Amino acid sequence: MAVGVLTAAPEFTKEIYDGVTEKMFGHGAPMREDDAPEGLIVHSAGQGDQGYYVYDIWESREAFQRFMDEKLGPAIGEVMGGPPPEGGQPQFFPVDVLVVAR
């Protein structure tokens, strides 16, 4: 089952997002379509009320966790000097309906 993953915290900024993207893919934001990791369906990011929000939809929680372990976690550690802040832990939501309109 697809899963939505929301990450937001006051400590997250566009500069941190750009730095993490640079560490993972070798270029600044935005992530390019050919950078998309296996299992990613939708990626979005932008400024919100509580910091810089990242909302993704993944094929499964396991696919997200694999990306977190192999790429995202190490990049966050390098850019932020450690793991994400307590409030910045991902929140997971089952995705029952996904409509992509163009």
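Refer to the structure presented above.
Here is what the cut-offs are and how they apply
- Residues numbered from 1 in each chain as written.
- Predicted model: local features only at pLDDT ≥ 70, side-chain atom pairs only at ≥ 80, totals over all residues.
- Heavy atoms only, no water.
- Helix = DSSP H or I, 4+ residues; strand = E, 2+ residues; numbered from the N terminus.
- Rg over C-alpha atoms; globule rule 2.2 N^0.38 Å.
- Buried < 20%, exposed > 50% of the residue type's maximum accessible area, 1.4 Å probe, protein only.
- Contact = heavy atoms within 4.5 Å.
- Areas by Shrake-Rupley, 256 points an atom, 1.4 Å probe, with all protein chains shown as cover.
- Lys, Arg positive; Asp, Glu negative; His and termini not counted.
- Charge placed at Lys NZ, Arg CZ, Asp CG, Glu CD.
- Pairing = 2+ DSSP bridges.
- Axes fitted to C-alpha atoms, helices over the stretch in contact; angles between N-to-C directions.
- Salt bridge = Lys/Arg side-chain N within 4 Å of Asp/Glu carboxyl O.

Visitor: Would you mind going over the overall build of the protein chain with me for this structure?
Guide: From N to C terminus, the protein chain includes two helices and four strands. Secondary structure elements of the protein chain, listed N to C terminal, follow the sequence β-α-β-β-α-β. Its C-alpha atoms give the protein chain a radius of gyration of 13 Å, within 12% of the compact-globule value 13 Å for 102 residues. Along the first, second and third principal axes, the C-alpha set of the protein chain runs to 35 × 30 × 25 Å. Looking at the protein chain as a whole, 38% of its 102 residues qualify as buried. Sequence separation of 24 or more characterises 67% of the internal contacts of the protein chain that already satisfy a separation of 6 or more. Counting only carbon and sulfur atoms, one obtains 51% of the accessible surface of the protein chain, whose full area is about 6400 Å². Treating the 7 positive side-chain charges of the protein chain as one cloud and the 17 negative ones as another, the clouds have centres 4 Å apart.

Visitor: What is the right way to read the sheet that holds strand β1 (residues 3-7) from this model?
Guide: Hydrogen bonding along the main chain pairs the strands of a sheet, whether they run parallel or antiparallel. Spatial ordering of the open sheet is given by β2-β3-β1-β4, a layout of four strands whose pairing is antiparallel. Each edge of the open sheet carries a strand with a single partner, namely β2 (40-48) and β4 (91-94). The average angle at which neighbouring strand axes cross in this sheet is 15°, direction not considered. Two strands pair when backbone bridges link them, and β1 and strand β3 (residues 51-58) are joined in this way by five bridges, in the antiparallel orientation. Within the sheet, the bridge partner assigned to V5 lies in β3 and is D56. Running at roughly 130° to β3, helix α2 (residues 61-80) makes contact with β1, β3 and β4 of the sheet.

Visitor: Please explain the pattern of salt bridges as it appears in this structure.
Guide: A full pass over the atoms with the stated rule returns two salt bridges. Between K14 and D18 there is a salt bridge, with its nearest N and O atoms 3.1 Å apart. Of the two residues, K14 and D18 are both situated in helix α1 (residues 14-25); the distance of four residues between them amounts to about one turn of the helix. A relative accessible area of 39% places K14 in the partly exposed class. For the salt bridge of K23 with E78, the shortest nitrogen-to-oxygen distance reads 3.2 Å. Of this pair, K23 sits in helix α1 while E78 sits in helix α2, and the two are 55 residues apart along the sequence.

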